Amino acid sequence: MPSLEFEEVDSKKEGLRLGIRLRNKPTNRDPGGSPNIHPDGPVRHSSSTLVRRHFITMNAIFFICLITGVVTIAAMLLFALAKLFSRHCCSGQGVDGCGYAVLITGCDSGFGHQLAQCLDHKGFVVFAGCLTPEGAGAQSLATESSSNLKILKMDVTSDEDVQRAKKMVQGNLPEKGLWAVVNNAGITDWAEIEWSSIGDFRTMVDVNLFGAIRTTFAFLPLIRASKGRMVYMSSIFAFFNCLNMGAYSVSKRGLEAFADCLRVEMASFGVKVSVIQPGNFGQATNILKIKSSSDIWEKLDEERKQIFNRQYIDLANKYYTTSCQSGFKNADMVIDAMLHAVTAARPKYRYLLASAMDTFFFQLFPFLPTILTDAVFSFSSMYAKREDLLYAK
């Protein structure tokens, strides 16, 4: 027994001596070997090991970039193929105007006025709904068009006007019936939400949303009978939540929700529903509501005047006016889209109409996280000054 204990102690001592020798002995391993061991500090790595790890990291980054690039290129190719396929599918024979009628609301000016003239030239019987039939816009439309174009008094906020227009249309339909209803009537205004009243929102929604719904209820049975088209004039502000456009955005977002639901329901009846989404076409129409800083300022009570001082109101008004003046000067792109929605064999569900750069951004916009979409406004010269001007004396 004593001899065994002595051997165990010796074994421990020998292990201790061996450990000391290992700690003091420099390593001669290859560059890919284990790190050196130091007795008085943390483990240190050789320079070759650090280079190797850096190389692995760079390879990983390169691989990620390569995969991202491949996915991006593949997505672009798929998008291009989808466009080609779409054009091929849409190349079928469209609808000519012979024997068909189209109802258009909001023909006093702007898109509706121009579309009515184009459809009249194509041989459609056109029922041009106008808010003021005795006005200059309606009168010029009547004198410059054929006898196939008929002016209707049609305030889309009035049940009486819409029902009266329906009777007029039913009594003058051509042999093939009512082919399309283009819900074009609309108004716009700009103001921050706190500058607005519930009446401002109600007025906007009553025209842009409930006006289209009211017209749809009245004329949908005629469209269903012809398996025709329902077209709705929306805006990029239906999905782009822009500063100063709260009431307008509410009305257009609601309109698109209505059109989307209707499209699903009408598919079983062969009726096609399209939404037009114009960008900045303010100069091409009379829809813009011009107002001065004083008009806004006088609507505010004393509490809001303390928050939104006059200097900020002036800046916002100037920014809005300048933005509107930078848009498209003619409406050709919108009119072409509306014509396609009415006459093409396979109309699109949505027509996004903006510059190439804006179109790319707006197509990407719905997929971005909210923190990024909200950050877009920080690039605006007005938004950058907003916080400094609020509450300022």
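Rules used throughout
- Residues numbered from 1 in each chain as written.
- Predicted model: local features only at pLDDT ≥ 70, side-chain atom pairs only at ≥ 80, totals over all residues.
- Heavy atoms only, no water.
- Pairing = 2+ DSSP bridges.
- Helix = DSSP H or I, 4+ residues; strand = E, 2+ residues; numbered from the N terminus.
- Right-handed = clockwise from strand over helix to strand, strands pointing away.
- Patch = residues over 30% accessible without salt bridge, like charges linked within 9 Å, V, L, I, M, F, W, Y side chains within 5 Å.
- Areas by Shrake-Rupley, 256 points an atom, 1.4 Å probe, with all protein chains shown as cover.
- Salt bridge = Lys/Arg side-chain N within 4 Å of Asp/Glu carboxyl O.
- Axes fitted to C-alpha atoms, helices over the stretch in contact; angles between N-to-C directions.
- Contact = heavy atoms within 4.5 Å.
- Expected span 1.5 Å × (residues − 1).
- Bend = angle between axes of the 7 residues up to and from the residue.
- Buried < 20%, exposed > 50% of the residue type's maximum accessible area, 1.4 Å probe, protein only.
- Core = buried A, V, L, I, M, F, W, Y, C linked by side-chain atoms within 4.5 Å.

## Topic: the pairing of strand β3 (residues 149-153)
Regular strands place their side chains on alternate faces of the sheet.
Right, on to step 1. Relative to β3, strand β2 (residues 125-130) runs parallel, the two sharing five bridges. For V126, the partnering residue across the bridge sits in β3 and is L149.
Right, on to step 2. What joins β2 to β3 is helix α4 (residues 136-143), and the crossover it makes is right-handed.

## Things to note about a nonpolar patch on the surface
Right, on to step 1. Together, F62, L66 and V70 line one region of the surface with nonpolar side chains, adding up to about 310 Å² of accessible area.
Right, on to step 2. One can find L66 in helix α2 (residues 47-89).

## Some details on the sheet that holds strand β5 (residues 229-233)
Right, on to step 1. Strand order in the open sheet formed by seven strands is β3-β2-β1-β4-β5-β6-β7, and the pairing between neighbours is parallel. Of all strands in the sheet, those bounded by a partner on one side alone are β3 and β7 (350-353). Mean inter-strand twist for the sheet, computed between neighbouring axes without regard to direction, equals 15 degrees.
Right, on to step 2. Across four bridges, the pairing between strand β6 (residues 272-278) and β7 is parallel. Paired with P278 across the two strands is L353, which belongs to β7.
Right, on to step 3. Along the sheet, helix α3 (residues 110-121) makes contact with β1 (101-104), β2, β3, β4 (178-183), β5 and β6, crossing β1 at roughly 170 degrees.

## Describing helix α7 (residues 210-226)
Right, on to step 1. Over its 17 residues, α7 extends 24 Å from the first C-alpha to the last, a length consistent with the 24 Å expected when each residue adds 1.5 Å.
Right, on to step 2. Residue F219 marks the point of greatest curvature in α7, where the axis turns by about 55 degrees; the proline P221 follows within four residues.
Right, on to step 3. Taking burial as the measure, the 17 residues of α7 include 12 buried ones, the bulk of the element.
Right, on to step 4. Structurally, α7 contributes buried residues whose contacts are with β1, α5 (159-170), β4, α6 (198-208), β5 and α8 (246-266).
Right, on to step 5. A positive backbone phi angle near 55 degrees is found at K227, which sits one or two residues after α7.

## Here we look at the nonpolar core
Right, on to step 1. Ranked by internal contacts, the top residues of the largest apolar core, which has 34 residues, are I104, L119, I276 and M338.
Right, on to step 2. When residues of this core are traced back to their parent elements, those giving at least two are β1, α3, β2, α4, β4, β5, α12 (332-343) and β7.
Right, on to step 3. In terms of residues, this core owes the most to one element, α12, which gives seven residues.
Right, on to step 4. Among all residues touching I104, those that are not within four sequence positions of it are G112, L115, A116, L119, V126, F127, A128, G129, V182 and N184.
Right, on to step 5. Judged by nonpolar contacts, the second largest core, of 30 residues, contains L103, V125, L152 and V181.

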